[in-house]
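# Results of the structural survey
These are the residues of each chain, in order.
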Amino acid sequence: MTAAATVSTHVLDTATGRPAGGVDVELSVRDGAAGTWSVLAAGRTDADGRCAGFPPLPPPADRVRLRFDVAIRREPPAGGPAFFPEVAVTFAVAPGEHHHVPLLLSPFGYSVYRGS
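Conventions we followed
- Residues numbered from 1 in each chain as written.
- Predicted model: local features only at pLDDT ≥ 70, side-chain atom pairs only at ≥ 80, totals over all residues.
- Heavy atoms only, no water.
- Pairing = 2+ DSSP bridges.
- Helix = DSSP H or I, 4+ residues; strand = E, 2+ residues; numbered from the N terminus.
- Axes fitted to C-alpha atoms, helices over the stretch in contact; angles between N-to-C directions.
- Phe/Tyr/Trp six-rings, centres within 6.5 Å; stacked < 30°, edge-to-face > 60°.
- Buried < 20%, exposed > 50% of the residue type's maximum accessible area, 1.4 Å probe, protein only.
- Lys NZ or Arg CZ within 6 Å of the ring centre and 35° of its normal.

## A look at the sheet that holds strand 4 (residues 37-44)
If you walk across this open sheet you meet the 4 strands as 4-3-6-7, and the pairing is antiparallel. Every interior strand has two partners, whereas the edge strands, strand 4 and strand 7 (86-92), have only one. Averaged over all pairs of adjacent strands, the angle between strand axes in this sheet comes to 20°, irrespective of strand direction. Across 7 bridges, the pairing between strand 3 (residues 24-31) and strand 4 is antiparallel. The partner of Val 25 across the bridge, within strand 4, is Gly 43.

## Structural notes on the packing of aromatic side chains
Scanning all chains against the criterion turns up 3 aromatic pairs. Measuring from centroid to centroid gives 5.3 Å for Phe 84 and Tyr 110, while their planes differ by 85°, and the two rings are edge-to-face. Taken as a pair, Phe 84 in the loop between strand 6 (61-69) and strand 7 and Tyr 110 in strand 10 (residues 109-112) lie far apart in primary sequence, 26 residues in all. Taking relative accessible area as the criterion, Phe 84 reaches 25% and is therefore assigned partly exposed. An aromatic cluster of three or more residues is present, and its members are Phe 83, Phe 84, Phe 108 and Tyr 110. Its end group placed over the ring of Trp 37, Arg 65 keeps NZ or CZ at 3.9 Å from the ring centre.

The following block contains the structure:
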């Protein structure tokens, strides 16, 4: 039997050079056979910007979506609403592998990558 895939993430604020604590993160999975999405778990980044403790992904999940509520972190210097109030990242997963997907934030942009 193949082990389940797992997911973790962390958020870094590149404008301040510090971890982004207090960001709400939602983990959703897609059932490959049915193609339907469902929320599996939700969490909040800690003071180190990490969101740990997501459960293993249920088979036959083949895609994952992380949704970050970054509005509170993205206030432009002049105030007013955030330019990107949320970031959603969808990626493919493989059974038995760990997928660490960090989010790098700046006031008017963001970047994600597969970490280790």
